[in-house]
Amino acid sequence: MPQRSSYVSPAAQARLVVALTTATWRIAPSSPHEVARRAPHGYVPIRAMRRFHAAAAPALLPHSW
């Protein structure tokens with residue numbers, strides 16, 4: 001009988017449990033604001049990241065005369 005050797009992290013298991021629970025209890029999904037508020041330390045919203053990259057891109061391009 002083959003043994004399962006795939007490792008699933010505790011965080012992934014927790015996400016699965018929460019997803020199954022919310023589906024079973026028919027709980028509305030979290031709003032983007034709530035998800036961002038609960039994000040881990042160092043989280044940068046995608047809008048801010050895009051703004052940063054747009055501002056930094058001209059500085060990285062070689063200057064043409």
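All values reported here derive from a predicted model rather than from experimental measurement.

**As for unusual backbone geometry**
With phi around 55°, Arg-26 is a residue other than glycine that occupies positive phi space. Turning to its location among the elements, Arg-26 is positioned in the loop between helix H1 (10–25) and helix H2 (32–37). We classify Arg-26 as exposed; its relative accessible area is 76%.

**As for H1**
Between its terminal C-alpha atoms H1 stretches 22 Å, which fits the 22 Å expected from 16 residues at 1.5 Å a residue. In terms of burial, H1 is a largely surface element, zero of the 16 residues being buried. Immediately downstream of H1, the backbone of Arg-26 shows phi near 55°, a positive value.

**Concerning helix H3 (residues 46–60)**
Its 15 residues give H3 an end-to-end C-alpha distance of 20 Å, which sits within 8% of 21 Å, the value for a rise of 1.5 Å per residue. Buried residues are scarce in H3, accounting for zero of its 15 residues.

Criteria and thresholds
- Residues numbered from 1 in each chain as written.
- Predicted model: local features only at pLDDT ≥ 70, side-chain atom pairs only at ≥ 80, totals over all residues.
- Heavy atoms only, no water.
- Helix = DSSP H or I, 4+ residues; strand = E, 2+ residues; numbered from the N terminus.
- Buried < 20%, exposed > 50% of the residue type's maximum accessible area, 1.4 Å probe, protein only.
- Expected span 1.5 Å × (residues − 1).

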